[in-house]
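Chain residues, written in single-letter form:
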Amino acid sequence: MARTTVRVLSLIAAAAVAATVTACSPPASDSAAASTPAGSATSVADLGGMDALVTAAKAEGKLNVIALPPDWTNYAEVISTFESTYGITVSSAQPDASSADEITAAKQLAGQDTAPDVFDLSQSVTVANTDMFAPYKVATIGDVPDGLKDPNGKWTNDYGGYMSIGYDSATVPAPTTVADLMKPEYKGKVALNGDPTQAGAAFNGVMMASLASGGSADDVSPGVDFFSKLNKAGNFLPLDPTPATIESGQTPVVIDWDYLNAAESTKTGGLASWKVVVPKGAVVGGYYAQAINAQAPHPAAARLWQEFLYSDVGQNLWLKGGARPVRADAMITSGTIDKGLLAKLPAVSGTPVFLTPAQTDAAAATLNSTWAKAIA
Amino acid sequence: MLRLRPLLGLTPFAVFVVLFLVIPTLVVVIGSLLDANNAPTLANLQALTDSSVLTAFRRSILLSASTAAVGAVVGGLLAHAVSTARPDGFLRRAVTAASGVLAQFGGVTLAFAFVATIGLQGLVTVFAKDNLGVDIFAGGVWLFQLPGLILVYAYFQIPLMVIVFLPALDGLRAQWREASDSLGGSTWQYWRHVGGPLLLPSFLGSALLLFANAFSAYATAAALVSQGAPIVPLQIRAALTSEVLLGRADLAKALALGMVVVVAVVMTAYALLQRRTSRWLQ
């Protein structure tokens, strides 16, 4: 009797395991995206106008976003404004994930209800994954300069800024150039937002140091040398800065995008003595792009999100977060930009450098082989 | 059929091993031999010979071996102290209970505890700087580098040693010591010829467990170290999540394969050693 029980139990266990394995595989049916009219719409006109898009999106009722930190370019307010305007719930997964994680998640969750609907990606990840995106051109796409958007509408740059040095003016003297950071006053105080072989912001920080040390967009190695010297001098802090480390005084100097540094002094709980400077002669610019997941489970909401982000409201929300909206020039001309917010952006002197994909690849390869040794 | 019947009871375990050990290992091994388009390649394995990867393996092994050694010695002595204490006494109950909790106290919580205590603005750091004039980070911010990892890892390695080594110490019979004493043996002779050889296999086994525990630990290191990926698990993270260097998932699998090989080598060495040390017990 006992033996029979054991045998039955083990069979049940085996069957349960087998059932679990089957349940884990994605459903074989086609994704929601291809089967609805919204899934194939490439502009709001395809859906019969804005009102029809809003209706379709409200019927879906949900939008899945991923890797959108609330303290990144005012994303908390962007999401809450979208939710209250359209009555659509935004479910935000893994706020601290990287751009590469977004693509991985979309592949792993393909065909499921929880897959991300939209992407917010760094330039290199965008260019490498265009086959994942559904083409869609927002109503205001004409305002976006050529070169900052895909001609087929697969992706569009949205907001950007310049590499900057944020510092706590209560603890350290104001730096004006990158070279200033070598001074003894900055001992153990200079942090970079992330590892430059992993995070786009840190990557551009090394590029900024390179431009300031005689390098060019084609040659990042002087920047690596700079950080190597900074590390030997004991000034480099191998700690990932976050709002918490900044507010607690652990990272008094942070190299990061100007909009992220600027947010530190303006948000509640932030540091009032936090200042931002875009160093002279080393201006590195960069844009983040928006794209729609071709397999989006909520295709209409995904498209409505795009229309919202590129509307005057959405673009001014980026500005409020200290970022430069991609439609800024057109909005200045038409007078729809928030001039008070525009005046608060840090001053920039010199011509900004925007990296081409080839320059990005070359610098990434250099960093891969040299960075770990430079700061070891 | 009759012969198969006793094996049937093993089915759940066998299924478990296949699902969680064999399949993942196969995925890693096969994946490390394929490129992004699933064509066979040796490029991923070649990438393992890159100097930054070799350095990471060297550091991972150094970190695991040193924390296993510290854990084994300190934890072993602590376990011995506990085993000689009264079985129902306070010392024993307190140490075993604390070890049970602390051995599992890894990951982000542990990293945070250290940052709050001896981080840049930590309680102890600030106190030492303001009142004693000692700057514990004068020579660099070592907490967020390899020396910091060694210190933090020791924090869960020592209690783990107490837990896994205590049963072996409890297995030593008091009569053996009495027999040794009554035959005129000194304390040194007892440990050299009786206690030591009896405990050696399980001591080495526990040390090996500590090595593997540190070698595969990820969350603690990930929460502390954000620059330069000094150890292999962090390099795997970098290869999987980088938004600067794309499409290196295959390198991650090759790195994982490297870790499997290191553990296999250590296990083999352990098996050979144990066969030697436990020969006379049979």
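Just so it is clear, the model here is predicted, and its values are computed rather than measured.

Details of the overall build of chain A
Right, so step 1: For chain A, the count of helices and strands is 16 helices and 12 strands.
Right, so step 2: Over its C-alpha atoms chain A spans a radius of gyration of 23 Å, differing by no more than 12% from the 21 Å that the globule rule assigns to 376 residues.
Right, so step 3: Each of the three principal axes of chain A carries a C-alpha extent, and together these read 75 × 65 × 40 Å.
Right, so step 4: Looking at chain A residue by residue over its 376 residues, the buried ones come to 53%.

Here's the deal with the domain arrangement of chain A
The figure often quoted for interface size is the accessible area lost as the parts come together.
Residues and elements named next belong to chain A.
Right, so step 1: The assigned domain composition of chain A is domain 1 (20-160 + 289-343) and domain 2 (161-285 + 349-374).
Right, so step 2: Taking only C-alpha atoms into account, the centre of domain 1 sits 29 Å from that of domain 2.
Right, so step 3: Counting residues at the interface gives 10 residues for domain 1 and eight residues for domain 2.
Right, so step 4: Contact with domain 2 buries area across many residues of domain 1, yet Asp-71, Trp-72 and Arg-324 alone supply 47% of it, more than any other trio.
Right, so step 5: Residue Arg-324 is joined to Asp-258 by a salt bridge in which the shortest nitrogen-to-oxygen separation is 2.9 Å.
Right, so step 6: On the surface where domain 1 and domain 2 come into contact, there are one residue pair in polar contact (both at pLDDT 80 or more).
Right, so step 7: Its residues assigned to classes, the side of domain 1 that touches domain 2 shows three nonpolar, five polar and two charged.

Quick look at the confidence of the model for chain B
All names here are of chain B.
Right, so step 1: Of all residues in chain B, 97% attain a pLDDT of 70 or more, and the chain-wide mean is 86.
Right, so step 2: Per-element confidence in chain B ranges from a low mean pLDDT of 76 for helix α1 (residues 5-8) to a high of 92 for helix α4 (residues 51-84).
Right, so step 3: The complex model carries a pTM of 0.77, and its ipTM stands at 0.73.

Some words on the packing of aromatic side chains
Right, so step 1: For the structure shown, the criterion picks out 24 aromatic pairs over all chains.
Right, so step 2: The interplanar angle of 45 degrees and the centroid separation of 5.2 Å between the aromatic rings of B:Phe16 and B:Phe20 together place this pair among those described as tilted. On the criterion of helical spacing, the pair formed by B:Phe16 and B:Phe20 is a turn pair, its members being four residues apart in helix α2 (residues 11-32).
Right, so step 3: Between B:Phe114 and B:Tyr155 the ring centres are 5.5 Å apart and the planes differ by 90 degrees, which places this aromatic pair in the edge-to-face class. Of the two residues, B:Phe114 sits in helix α6 (residues 107-118) while B:Tyr155 sits in helix α8 (residues 146-170), which places them 41 residues apart along the sequence.
Right, so step 4: Looking at B:Phe114, the relative accessible area reads 12%, which means it is buried.
Right, so step 5: When its relative accessible area of 36% is taken as the criterion, B:Tyr155 is described as partly exposed.
Right, so step 6: Taken together, A:Trp72, A:Tyr75, A:Tyr159, A:Trp257, A:Tyr259, A:Tyr288 and A:Trp318 form an aromatic cluster joined through their ring pairs.

Notes on the layout of surface pockets
Right, so step 1: Here the second largest pocket is characterised by a volume of approximately 770 Å³.
Right, so step 2: In this structure, the second largest pocket is lined by 29 residues; those nearest its centre are A:Thr104, A:Lys107, B:Gly247, B:Arg248 and B:Ala249.
Right, so step 3: When contributions to the lining of the second largest pocket are tallied by element, the ones reaching two or more residues are α6 (99-108) and α7 (123-128) of chain A together with α2, α12 (232-241) and α13 (249-277) of chain B.
Right, so step 4: Looking at which element gives the most residues to the lining of the second largest pocket, the answer is α6(A), with six residues.

With respect to the interface of chain A and chain B
Right, so step 1: Facing 43 residues of chain A, the contacting portion of chain B comprises 30 residues.
Right, so step 2: Both sides together, the interface formed by chain A and chain B hides about 3,000 Å², and carbon and sulfur atoms give 59% of it.
Right, so step 3: Counting across the interface, chain A meets chain B through zero salt bridges.
Right, so step 4: Seen at the junction of chain A and chain B, the total is 12 residue pairs in polar contact (both at pLDDT 80 or more).
Right, so step 5: The set of elements that each furnish at least two residues to the side of chain A that touches chain B consists of α1 (2-24), α6, α7, α8 (200-212), β7 (236-237) and α16 (357-374) of chain A.
Right, so step 6: In terms of residue count, the dominant contributor to the side of chain A that touches chain B is α1(A) (eight residues).
Right, so step 7: Along the lines of polarity and charge, the residues of the side of chain A that touches chain B split into 23 nonpolar, 13 polar and seven charged.

Structural notes on unusual backbone geometry
All names here are of chain A.
Right, so step 1: Unusually for a residue other than glycine, Thr-73 sits at a positive phi of about 40 degrees.
Right, so step 2: When you line up the elements, Thr-73 lands in the loop between β1 (62-66) and α5 (75-86).
Right, so step 3: By relative accessible area, Thr-73 is classed as buried at 1%.
Right, so step 4: Residue Asn-74 is not a glycine yet carries a positive backbone phi of 65 degrees.
Right, so step 5: Inspection of the secondary structure assignment puts Asn-74 in the loop between β1 and α5.
Right, so step 6: Using a relative accessible area of 17% as the deciding quantity, one classes Asn-74 as buried.

What to know about empty space enclosed by the protein
Taking a probe equal in size to a water molecule and rolling it over the atoms shows the remaining empty space.
Residue and element names in this part refer to chain A.
Right, so step 1: Counted by the stated rule, this structure contains one cavity of 30 Å³ or more.
Right, so step 2: Taken as a whole, the largest cavity encloses approximately 70 Å³ of empty space.
Right, so step 3: The wall of the largest cavity is formed by Ala-134, Tyr-136, Val-138, Gly-153, Lys-154, Trp-155, Thr-156, Gln-290, Ala-291, Ile-292, Gln-306 and Tyr-310.
Right, so step 4: Among the elements that line the lining of the largest cavity, the one with the most residues is strand β10 (residues 284-293), at three residues.
Right, so step 5: Classifying every residue of the lining of the largest cavity by side-chain character gives seven nonpolar, four polar and one charged.

Quick look at the nonpolar core
Right, so step 1: If you look at the biggest cluster of nonpolar residues, it comprises 82 residues, and the most contacted ones within it are A:Leu63, A:Tyr75, A:Phe82, A:Leu181, A:Phe227, A:Ile255 and A:Trp305.
Right, so step 2: Counting residues per element, this core draws most heavily on α8(A), at eight residues.
Right, so step 3: Domain assignment of the residues forming this core places at least three in each of domain 1 (20-160 + 289-343) and domain 2 (161-285 + 349-374) of chain A.
Right, so step 4: Excluding its chain neighbours within four sequence positions, the residues that come into contact with A:Phe227 are A:Leu192, A:Gly205, A:Val206, A:Ala209, A:Phe236, A:Ile255, A:Trp371 and A:Ile375.
Right, so step 5: Of all hydrophobic cores here, the second largest spans 35 residues; its members include B:Val28, B:Leu48, B:Ala56 and B:Ile236.

Basis of the calculations
Residues numbered from 1 in each chain as written. Chains lettered and ligands numbered in written order. Predicted model: local features only at pLDDT ≥ 70, side-chain atom pairs only at ≥ 80, totals over all residues. Heavy atoms only, no water. Helix = DSSP H or I, 4+ residues; strand = E, 2+ residues; numbered from the N terminus. Rg over C-alpha atoms; globule rule 2.2 N^0.38 Å. Buried < 20%, exposed > 50% of the residue type's maximum accessible area, 1.4 Å probe, protein only. Domains from an automatic or database assignment. Contact = heavy atoms within 4.5 Å. Buried area = accessible area lost by both parts, 1.4 Å probe. Salt bridge = Lys/Arg side-chain N within 4 Å of Asp/Glu carboxyl O. Polar contact = N/O pair within 3.5 Å; in protein donor to acceptor, adjacent residues only side chain to side chain. Nonpolar A, V, L, I, M, F, W, Y, C, P; charged D, E, K, R; others polar. pLDDT = per-residue confidence, 0-100. Phe/Tyr/Trp six-rings, centres within 6.5 Å; stacked < 30°, edge-to-face > 60°. 1 Å grid on protein atoms, 1.4 Å probe; cavity = no way out; pocket = protein on both sides within 12 Å on 5 of 7 lines; lining within 4 Å. Points joined across faces, edges and corners; volume = space filled by probe spheres on them. Core = buried A, V, L, I, M, F, W, Y, C linked by side-chain atoms within 4.5 Å.

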